[in-house]
Amino acid sequence: MSLCFLAALSPPCLVRVSVLYFLFYFEGLRSHELRWMDPNISHTHTHADVFSETTLACNVEEERYSERVYTIKEGETLELQCLVTGHPRPQIRWTKTAGGASDRESSLHNETLRIQNINRHQGGRYYCKAENGLGSPAIRSIRVDVYYLDDPVITIHQSVGEAKEQFYFERTVFLRCVANSNPPVHYTWRRGREVLSQGSDSGVEIYEPFFTQGETKILKLKNLRPQDYADYTCFSSVRNVCGIEDKSAHFTLSNRTAPPSVKLLLDDPLVVNAGETITLVCVASGGDPHPSLKWMRPDGQQLPRRSVVKGGTLTVPAVAIDDGGVYSCVGSNNVGNPAKKTTTILVRGLRKGRFWITPDPYHNDDNIQIGREVKISCQVEATPPEELQFSWLKNGRPLRSSERMVITHTDTDVSPGTTNLDIIDLKFTDFGTYTCVASLRNGGTPEISIDVNISSTTVPPELTVPRGRSHLIAQEGDTVDLQCLVSGKPKPIILWSRVEESGVAAAATALMPDGSVQTESYDGILRISNVTREMSGTYRCQTSQYNGFNVKPREALIQLVVQFPPAVEPEHTEIRQALGRAFSLTCRLLRAHPARLLRYEWKLGTRLLTVGQFSDQRDDTNYHVRALNREGYGEYTCDITNEAGAGRCTFLVTGKANPPEFYYDTYSALWQSRPRVYGFKLQWTQMEPNAVDRILAYRLGIRQMGQSRWWEQEIPMEGTIQKGELLTYNLTELIKPESYLVRLTPITRYGEGDSTERIITYSGRLPRFLSFNPRTRTQTHTHTHTHRNTNTRTLYLTSDPDSCFCDLSGFYMYIETSRPRLEDDTARLLSPTFNSKSSSVSNNPTYCFAFYYHMYGKHIGALNVFLRQKGQAVTDTLVWSLTGNQGDRWRQAKVKIHPTTAFQMVIEGVRGSGIEGDIAIDDVAIEEGECKDPPPNSEYALDAKLLWLLQTHTQFLSETSRTCFEYFLFLSSVNMKDAQSLRTIASFLNLSLFH
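Per an unreviewed UniProt entry, the protein chain goes by the name MAM domain containing glycosylphosphatidylinositol anchor 2a and belongs to Astatotilapia calliptera. The UniProt entry for the protein chain carries the following comment under Subcellular location (unreviewed entry): "Cell membrane".

1. Quick notes on the overall build of the protein chain
Regarding its fold elements, the protein chain presents three helices and 72 strands. Burial analysis of the protein chain (995 residues in total) assigns 47% to the buried set. For the protein chain, the computed accessible surface area is about 50,700 Å², with 48% contributed by carbon and sulfur atoms.

2. Re the state of the cysteines
The term disulfide refers to a covalent linkage connecting the sulfur atoms of a pair of cysteines. Scanning all chains against the criterion turns up seven disulfides. Between the sulfur atoms of Cys378 and its disulfide partner Cys436 the distance amounts to 2.3 Å. Disulfide Cys378 to Cys436: torsion about the S-S bond roughly -80 degrees, handedness left-handed. One end of the pair, Cys378, is in strand β29 (residues 374–383); the other, Cys436, is in strand β34 (residues 432–440), with 58 residues separating them in the sequence. Judged by relative accessible area, Cys378 falls into the buried class, the value being 1%. Across a sulfur-sulfur distance of 2.0 Å, Cys848 and Cys931 are joined as a disulfide pair.

3. Examining the sheet that holds strand β25 (residues 308–310)
One open sheet accounts for four strands, arranged β21-β23-β26-β25; its pairing is antiparallel. Bordering the open sheet on either side are β21 (258–264) and β25, each of which pairs with just one other strand. Averaged over neighbouring strand pairs, the angle between their axes works out to 15 degrees when direction is ignored. For β25 and strand β26 (residues 313–316), the ladder comprises three bridges, and the chain directions are antiparallel. Residue Val309 lies in a different strand from β26, and its bridge partner there is Leu314.

4. Some words on the side chain of Asp665
Tracing the backbone through its elements, the reader meets Asp665 in the loop between β53 (660–662) and β54 (670–674). On the accessibility criterion, Asp665 (13% relative accessible area) is buried. Within the structure, Asp665 has its side chain in polar contact with the backbone nitrogen of Gly86 (distance 2.7 Å).

5. A closer look at the sheet that holds strand β66 (residues 862–870)
Reading across from one edge, β64-β69-β66-β67 is the order of the four strands in this open sheet, with antiparallel pairing throughout. Strand pairing shows two members of the sheet lacking a second neighbour, β64 (826–830) and β67 (874–883), which therefore form its edges. Going across the sheet, the axis of each strand differs from the next one's by a mean of 20 degrees, ignoring polarity. Pairing analysis gives nine bridges linking β66 to β67, with the strands arranged antiparallel.

6. Here's the deal with the pattern of salt bridges
In total, this model carries 41 salt bridges according to the counting rule given. Measuring nitrogen to oxygen at the nearest pair gives 3.8 Å for the salt bridge that ties Glu757 to Arg743. Taken together, the residues span a long stretch of sequence, with Glu757 in strand β61 (residues 756–760) and Arg743 in strand β59 (residues 740–748) at a distance of 14 residues. Note on Arg743: relative accessible area 24%, which makes it partly exposed. Members of the salt-bridge network, linked through shared partners, are Arg191, Glu194, Asp201, Arg225 and Asp228.

7. What to know about the environment of Ile493
Within the secondary structure layout, Ile493 lies in the loop between β39 (485–489) and β40 (494–498). As for Ile493 and Tyr522, which are separated by 29 residues in sequence, their C-alpha atoms are 5.2 Å apart. Those residues within four positions of Ile493 in sequence are excluded, and the remaining contacts are Glu520, Ser521, Tyr522, Gln542, Thr543, Ser544, Tyr546 and Asn547.

8. Things to note about the nonpolar core
Ranked by internal contacts, the top residues of the largest apolar core, which has 29 residues, are Ile154, Ile156, Leu175, Trp189, Leu219, Leu221 and Tyr232. Of all the secondary structure elements, the ones that give two or more residues to this core are β11 (138–149), β12 (153–158), β13 (173–178), β15 (186–191), β17 (204–207), β18 (216–221), β19 (231–237) and β20 (247–252). The dominant element in this core, judged by the number of residues it contributes, is β13, at three residues. Each residue touching Leu221, except ones within four places of it in the same chain, is listed here: Arg171, Thr172, Val173, Leu175, Gly203, Val204, Asp228, Tyr232 and Leu253. Ranked by size, the runner-up nonpolar core spans 28 residues in total, among them Met405, Cys436, Phe549 and Val551.

9. A short note on the environment of Ser236
Tracing the chain through its elements places Ser236 in strand β19. Judged by its relative accessible area of 0%, Ser236 falls in the buried class. Separated by 56 residues in sequence, Ser236 and Asn180 have C-alpha atoms that sit 9.7 Å apart. For Ser236, the contacting residues outside a window of four places in its chain are Leu149, Asp150, Pro152, Ala179, Val185, His186, Tyr187, Asp246 and Lys247.

10. Focus on the packing of aromatic side chains
By the definition in use, this model includes 13 aromatic pairs. With 5.7 Å between their ring centres and 45 degrees between their planes, Phe849 and Phe851 make a pair best called tilted. Accessibility assignment for this pair places Phe849 and Phe851 in one class, buried. Through a chain of ring-to-ring contacts, three or more aromatic side chains come together here, namely Trp602, Tyr623, Tyr636 and Phe651. Just above the ring of Tyr148 sits the side chain of Arg120; from NZ or CZ to the centre is 3.7 Å.

11. Focus on the confidence of the model for the protein chain
Chain-level statistics for the protein chain give a pLDDT mean of 79 and a share of 77% at 70 or above. Here residues 15–56 scores under 50 on pLDDT; set against residues more than four positions off or in separate chains, the count is 146 contacts.

Rules behind the numbers
Residues numbered from 1 in each chain as written. Predicted model: local features only at pLDDT ≥ 70, side-chain atom pairs only at ≥ 80, totals over all residues. Heavy atoms only, no water. UniProt positions renumbered as here; feature names shortened; annotations may be inferred. Helix = DSSP H or I, 4+ residues; strand = E, 2+ residues; numbered from the N terminus. Buried < 20%, exposed > 50% of the residue type's maximum accessible area, 1.4 Å probe, protein only. Areas by Shrake-Rupley, 256 points an atom, 1.4 Å probe, with all protein chains shown as cover. Disulfide = S-S within 2.5 Å. Pairing = 2+ DSSP bridges. Axes fitted to C-alpha atoms, helices over the stretch in contact; angles between N-to-C directions. Polar contact = N/O pair within 3.5 Å; in protein donor to acceptor, adjacent residues only side chain to side chain. Salt bridge = Lys/Arg side-chain N within 4 Å of Asp/Glu carboxyl O. Contact = heavy atoms within 4.5 Å. Core = buried A, V, L, I, M, F, W, Y, C linked by side-chain atoms within 4.5 Å. Phe/Tyr/Trp six-rings, centres within 6.5 Å; stacked < 30°, edge-to-face > 60°. Lys NZ or Arg CZ within 6 Å of the ring centre and 35° of its normal. pLDDT = per-residue confidence, 0-100.

Structural data, given as structure tokens:
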């Protein structure tokens, strides 16, 4: 195990592997770069990875208009993956903006966004947001461009002002081809087998209107000629991008070609009774080609659910009143404009019968009195309104208009229809029951009858609230009845509403509990179930002006007060404390009703600690612990009470340590110690280590995935762990290619703390200690670094048991000196920016920067290393340099640096005078502290022949865990000179040789 005190806490970074920088990581330090990972696309079908010359690539990411754009074919599966660095591990959120004026947003919390069968409307800008509570969130975006091509449509038009019935000879005709697509479509016209192009025929013009942006292609036939009557084909193409095939549409132009015309075989309007079956027939009366017919309703309304459409016939069985309205038949054959005929369906019926009594308007009195006038009004909605008719009855006998009994009706064009009965000079003999009867002239629907009693007891309404019920107090969750008593004859309907309080915000919430503005009640009672605090306020009850007296509404007000227990914070929180420390607990009152006479009570478990009463100036209560002992651990509660109940703050005081936080950004965490096993560098930081007692050890548990057995051991800790301190433990003897579940639990004198788990997965090819991004290149200089696989089989040696490698795979970086490179051309590799731990100039930290280099050839230039510090100004300091041929071997260089501020490492290669000689580097690393002296044979390197001998005459038979590499070699067909060379190598590598 190795422990290093490093500033491991870092804000989140989004990693994009295609960024053209050379990036390498220092163990334990974190960069703060925003980068993207290339989106990973899964296809719903297989297609070639390499396209022909006429095929444009799909599923590619590119820089377009200063933004990242990803293209994908409609119907495929999109996967956007966001690689994130940062510690603690950031949380990921995906959002999508449609890109229009009314942006829509959807969210997904995952590192990978997957959209199956993507459609064109799902294109747009996608954002990946990562945050871990440190610094500002990291945000990256990419625009997804969905490619598609719809079937083209050909439409035919004549020039303006010419005959529409037929396309006569010597007329100008326009053939328009339209196809929706992305990217813009390319069109090709054919007449028969002849390809039409601009200028190929003097009687043909082809043009694309500018405003359509390439989405339409118009073929203009000037003064139709006999040869223009032919078969036309429009081919639409997006040039096979994303493998989207070309599509085509056909049209035959003849001297019979004509726009559509339709007619309806029915009455307009069509008046039917509810429950009948109606049939609407539409036929094409002209047009070539034969038009297609479609029925529709205005404003996007759907046809009745029960309707059946067959050709131009629409059948609606059991028609309902709501099925009435306008219906249109549209005929289209892509020639000229579509033909449209409209009809109206009227479903006969009567609805909403109402009445009201109006006392003598010439006297300021709401009562009916003998000798004065009284009017009875009756109102009904009718369809069709012109069929509405009224009749009046008195005590069941027909009543005719007279000088004292005047009957009038509103015009039939006015809806709803109203009839009035004016009784002039009311007499005692006029008392009785008057009935208003509404019906439709042709029958077929039930009548509506409304009875109105006129007598000495017919009096206007009065509205009161029962005694003691004008101010109601209820507890939250109760069922409350608000009641208004109404008298009078006839008894009117009561309308309930809420009184708007002053202020816009209050007015916006002045709705009834059911969400409506007004509620009707026939018994004067408004029942509210499960009442909430938001329902507190003033309610109004008032008489309606229909089904009663047509007088000024009577109204009354009821005040509803909903009491609720105190709302407090925090409702539940956990406090971690070490023994012997002092701390305070605070319970804060947010709101309560009533807010007077509030009491508080503190307890530890069931043991009462203290009680008290809130003052008007305080909205919180505190409990202080001077020195925590073991009996002080447990659950503290604070209850704040009023008449409605209690609100509780709960504090769980514990000495358990917080969970450790695994560090997921360790570079080259995996290594291979022997052929069948691998190791893993496990790193973590401790969350708030100073909150509790010193962590004495960690309990490490490891379980192979798919098995149930755990192996456990303790990792002792010496000294006090600091916040942000990066802890490291090397796991060995992991079997390839198995994955493992690792659990880490901190231990204090209180006991075990909270555990954290993570999965370790074998990744196949193991990287060396610190290798290069094989896709990175610098673009800021005149020369490039190139990555190359180590097929040259250079063998790197090390004496460190934790990081020894004999891995012959992987990559190294080199500068290419071939043409067009010139002398003194330079290439630079830049690291990310790192924060130095320096707190003062006199206490600068020391780091050891190490790397391997290979400089062989007579034209070798120079290899330089700079320390770039970012203070008030950026300075580059040369810390190491080497020129000329250094032999055909890999050598290690170590440089001690003392950065005083944020810094980068810059490796610079300079081309020499010719093409013979490349400069290569590999295994870049940095460690805190002084540079250790290399082992005596650390610069031992193998020439190509000896390495070939080692590869071709070596057979690995067994391994041991005592050293990094101990192999048995069999030598066969080796001459004496080569055998002696191999013995020398074996002696150096601690290998055993057998003949």
